[in-house]
Amino acid sequence: MHLIWPSKSTESDHLLRLQERAMWIALKCVDLEVVVVDLNVSRIAAWNSDKLPIYEPGLDEVVKACRGRNLFFSTDVKKHVAEADIVFVSVNTPTKTRGVGAGKAADLTYWEGAARMIASVSTSSKIIVEKSTVPVKTAEAIEKVLRCNCTSASVRFDILSNPEFLAEGTAVADLANPDRVLIGGKGGPAGRAAIEELAAVYARWVPQDRILRTSLWSAELSKLTANAMLAQRISSMNSISALCETTGADVQEVAHSIGKDSRIGPKFLNASVGFGGSCFQKDILNLVYICETLGLKEVADYWHAVITMNDYQKQRFVERIITSMFNTISRKNIAIYGFAFKKDTGDTRETPAIDVCHGLVADGAHCVIYDPQVGADQVHRDLATPKFEWDHPSRGQAAIAGRDEIKVVKDPYTAAHGAHAICVLTEWDEFAHYDYQKIYDNMVKPAFIFDGRNVLDHAELRKIGFIVYALGKPLDPFL
Ligand SMILES: NC(=O)c1ccc[n+]([C@@H]2O[C@H](COP(=O)([O-])OP(=O)(O)OC[C@H]3O[C@@H](n4cnc5c(N)ncnc54)[C@H](O)[C@@H]3O)[C@@H](O)[C@H]2O)c1
Ligand SMILES: O=c1ccn([C@@H]2O[C@H](COP(=O)(O)OP(=O)(O)O[C@H]3O[C@H](CO)[C@@H](O)[C@H](O)[C@H]3O)[C@@H](O)[C@H]2O)c(=O)[nH]1
């Protein structure tokens, strides 16, 4: 959560992880004080140290510029919430793992806990900003929790929905130059005043015509819809990648051609081994669940197909590896290049690498993993954590013993030494720049490369002698 208030002012007018968002506000609004509060002691300690808890290009500089000036990190959640006038609630909203709606519905335990705490410590009126991605109509429930649990009759809570659209790896650029900022609020003078108070914070660096004002419900639903539409584009291209491989078409040529149509546009058309990240799957499942509970079965089925296609793509990739390698990968070493869910992040939540590694190990392979930002502990923990459990902070934090079939190494040459194949699962730029002749010389022959991101120079690799599988492209005759 993060909080903001004008610094050195006697009139307090305060704000409360989307923790990068808080830091950006602190950078752009030197007259506001921002406190990032979290129950997670080690995370706050890391924010206060020289080694930040997340890897995000450009973020170190932002933190260094503001920390101790008007940006603070604290575990004293109650104290800072009590003092704040604007509270951004950015707690996790994971997929439920048990009970009604398990595997689909959003688990609002952390949200409700935060709302109860806010109500219990508030002695002054506050704007409460929904930053977390939540089901449509959450604001209504939260308002009830706040109202029923605040002991002071004079305290007023104005709820706003202000969904976050930044993407990891490009967070700083997205914060600096957002396509839009969306603020949903209630009608009426108080609701409109609350919207304008938050809009005024963003207006310090965002042009007015990019600050959209809507109803609460439209803002909540726009966030789920934006993620569903983005993921749907990837699943659509991934479905076409399978068709390309069987027809001899090239998915990149298809993407380029259709992206020239201004009604379609060129972005988010890269076929891949599958989308990952903490948001897409969770938010689509949430949307599906909402539709199901409202009796909209056809709508639910439509959006669920985006997830089905993503699972199919990961499974198809594993099957392609097995069939290409003479229908057995038992005791074969497979180098995995990239474990993060995308480049320029160390985040592995819902990364396709988890399902691909599980699939390879299930068929007897040994995976040797290299990722520039992901270490051994994290890989072992991810591969040992049941689906959807990762997003529950109280669970899955224990150290996990490594498994013999999974090794994590610190350089790509070691990973591929003695390997039968390399799989590229993340689009890190550095993967295109290795000495592939040297890598080839130290591999078992025939040496395979399965490029799940189409980031390598396939013609050059073929010249060296590799058997290359490039996702969604015409197949090598060998395959
Ligand atoms: N990560 C992104 O790029 C991104 C982008 C847009 C939206 N979102 C949404 O934002 C929300 C948070 O995502 P995240 O990736 O930052 O999650 P996260 O799990 O990294 O961070 C959530 C933090 O909230 C803390 N927390 C939980 N309950 C708390 C409480 N009562 N008081 C104080 N702290 C508490 C947890 O300790 C944790 O550190 C989710 O709803 C997500 O869908 C995330
Ligand atoms: O053409 C593409 C684009 C992306 N991806 C994959 O899709 C996943 C998600 O990528 P991206 O959307 O760039 O990163 P996120 O950080 O997950 O950001 C998404 O999820 C956030 C959390 O809700 C939103 O705020 C952002 O707007 C939304 O882009 C990653 O595995 C990418 O590799 C593809 O396979 N092909």
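Residues numbered from 1 in each chain as written. Chains lettered and ligands numbered in written order. Predicted model: local features only at pLDDT ≥ 70, side-chain atom pairs only at ≥ 80, totals over all residues. Heavy atoms only, no water.

Note the cut-off: UniProt positions are given in the numbering used here, feature names are shortened, and annotations may be inferred rather than shown by experiment.
Going by an unreviewed UniProt entry, the chain carries the name UDP-glucose 6-dehydrogenase and comes from Auxenochlorella protothecoides. As its UniProt record puts it under Catalytic activity (unreviewed entry), the chain is described as follows: "UDP-alpha-D-glucose + 2 NAD(+) + H2O = UDP-alpha-D-glucuronate + 2 NADH + 3 H(+)". One UniProt comment on the chain, placed under Pathway (unreviewed entry), says "Nucleotide-sugar biosynthesis; UDP-alpha-D-glucuronate biosynthesis; UDP-alpha-D-glucuronate from UDP-alpha-D-glucose: step 1/1."

**Details of the side chain of E350**
The test is simple: Every helix listed is a DSSP run of H or I at least four residues long, and every strand listed is a run of E at least two residues long, numbered separately from the N terminus. Exposure classes here rest on a 1.4 Å probe applied to the protein chains alone. A residue is buried below 20% of its type maximum, exposed above 50%, and partly exposed in between.
Note on placement: E350 falls in the loop between β9 (333-337) and α13 (352-362). The exposure class assigned to E350 is buried, which follows from its relative accessible area of 11%.

**Description of the site of ligand 2**
Where we set the bar: For this purpose, a residue is taken to be near a molecule or strand whenever a single non-hydrogen atom of the residue falls within 4 Å of it. We call two N or O atoms a polar contact when they sit within 3.5 Å, provided that within protein one can donate a hydrogen and the other can accept it, with sequence-adjacent residues counted only if both atoms are side-chain atoms. Charged residues are taken to be Asp, Glu, Lys and Arg, nonpolar residues to be Ala, Val, Leu, Ile, Met, Phe, Trp, Tyr, Cys and Pro, and polar residues to be all remaining types, Gly included. Start and end points for every domain follow an automatic or database-based domain assignment.
In the vicinity of ligand 2 lie 21 residues, with F165, L166, S272, C279 and R453 positioned nearest. Take L269: an N or O atom from its main chain is 3.4 Å from an oxygen atom of ligand 2. R453 is positioned such that a nitrogen or oxygen atom in its side chain is 2.7 Å from an oxygen atom of ligand 2. Here the element with the most residues in the shell around ligand 2 is helix α9 (residues 216-247); it accounts for four residues. Its residues assigned to classes, the shell around ligand 2 shows eleven nonpolar, four polar and six charged. Of the residues that make up the shell around ligand 2, three or more belong to each of domain 1 (2-206) and domain 2 (248-470).

**Comments concerning the state of the cysteines**
Applicable threshold: Disulfide: a pair of cysteine sulfur atoms within 2.5 Å of each other.
Enumeration over the complete set of coordinates arrives at zero disulfides. Free cysteine: C148, not disulfide-bonded; nearest cysteine sulfur from C150 at 11 Å. Taking relative accessible area as the criterion, C148 reaches 65% and is therefore assigned exposed.

**Re a nonpolar patch on the surface**
Here is the rule we go by: The residues that make up patches have over 30% relative accessible area and no salt bridge, and they are joined within 9 Å when like-charged or within 5 Å when they are Val, Leu, Ile, Met, Phe, Trp or Tyr. Surface accessibility in these figures is a Shrake-Rupley result with a 1.4 Å probe; residues are shielded only by whichever protein chains are displayed. For salt bridges, the criterion is a side-chain nitrogen of Lys or Arg within 4 Å of an Asp or Glu carboxyl oxygen.
A cluster of nonpolar residues, L294, L296 and V299, forms a patch on the protein surface that exposes about 260 Å² of accessible area. Looking at where L296 falls in the secondary structure, it is placed in the loop between α11 (280-293) and α12 (297-324).

**Considerations on the environment of W217**
Counted only if it meets this: Contacts are residue-level and defined by heavy atoms, with any inter-residue pair within 4.5 Å sufficient.
For W217, the location among the structural elements is in helix α9. The class of W217 is partly exposed, set by a relative accessible area of 28%. Between the C-alpha atom of W217 and that of T138, which follows or precedes it by 79 residues, the distance is 8.7 Å. Sequence-distant contacts of W217, that is, excluding residues within four places in its chain, are made with V136, K137, A139 and E140.

**Re the confidence of the model for the chain**
Here is the rule we go by: How sure the predictor is of each residue is captured by pLDDT, a score from 0 to 100.
Averaged over every residue, the pLDDT of the chain is 93; the share at 70 or more is 94%. The low-confidence segment residues 5-17 (pLDDT under 50) makes 56 contacts with residues lying over four places distant or belonging to another chain. Two numbers describe this predicted complex: its pTM, 0.94, and its ipTM, 0.97.

**Some thoughts on the pairing of strand β7 (residues 181-185)**
Definition in use: Only strands that DSSP links by at least two bridges are regarded as paired with each other. A clockwise course of the path from the first strand over the helix to the second, judged with the strands pointing away from the viewer, identifies a crossover as right-handed.
Most of β7 sits inside the fold, with five of its five residues counted as buried. Side chains V181, I183 and G185 of β7 all project onto a buried face; the interleaved residues L182 and G184 project onto the opposite face, where all are buried too. In terms of strand pairing, β7 meets strand β8 (residues 211-215) through five bridges, oriented parallel. Residue G185 lies in a different strand from β8, and its bridge partner there is S215. Running through helix α8 (residues 188-202), the crossover from β7 to the neighbouring parallel element β8 is right-handed.

**So, the domain arrangement of the chain**
To be explicit about the condition: Once two parts are brought into contact, the accessible area they lose, counted with a 1.4 Å probe and summed over both, makes up the buried area.
Each assigned domain of the chain is listed with its residue range as follows: domain 1 (2-206) and domain 2 (248-470). A separation of 33 Å is found between the C-alpha centroids of domain 1 and domain 2. Each side of the interface is counted separately: domain 1 has 24 residues, and domain 2 has 27 residues. Summing the contributions of domain 1 and of domain 2, the shared interface buries around 2000 Å²; its carbon and sulfur component is 51%. Considering only the surface of domain 1 that becomes buried against domain 2, Y55, K104 and E168 emerge as the three largest contributors, covering 34% of it. Linking domain 1 with domain 2 are two salt bridges. The salt bridge partner of E292 is K104, with a shortest N-O separation of 2.9 Å. Where domain 1 touches domain 2, the interface holds six residue pairs in polar contact (both at pLDDT 80 or more). The residue makeup of the side of domain 1 that touches domain 2, split by class, is eleven nonpolar, eight polar and five charged.

**Quick word on the nonpolar core**
Cut-off, in case you're wondering: Nine residue types can take part in a nonpolar core, namely buried Ala, Val, Leu, Ile, Met, Phe, Trp, Tyr and Cys, and a core is a set of them joined through side-chain atoms within 4.5 Å.
Counting 62 residues, the largest nonpolar core has F317, I334, Y337, L360, Y436 and F466 as its most contacted members. For this core, the element with the most residues is α13, which contributes six residues. Apart from residues lying up to four places away in sequence, L360 is in contact with V318, I321, I329, I334, I336, A365, C367 and C423. Membership of the second largest hydrophobic core comes to 39 residues, among which are L32, W47, I86 and L175.

**Looking at the environment of E164**
Note on placement: E164 falls in the loop between β6 (157-161) and α7 (171-176). The class of E164 is buried, set by a relative accessible area of 6%. Remark: the alpha-carbon pair of E164 and K407, spanning 243 residues in sequence, is separated by 36 Å. A polar atom in the side chain of E164 sits 2.7 Å from the side chain of R21. Reaching out from E164, the side chain makes a polar contact with the backbone nitrogen of L166 at a distance of 3.1 Å.

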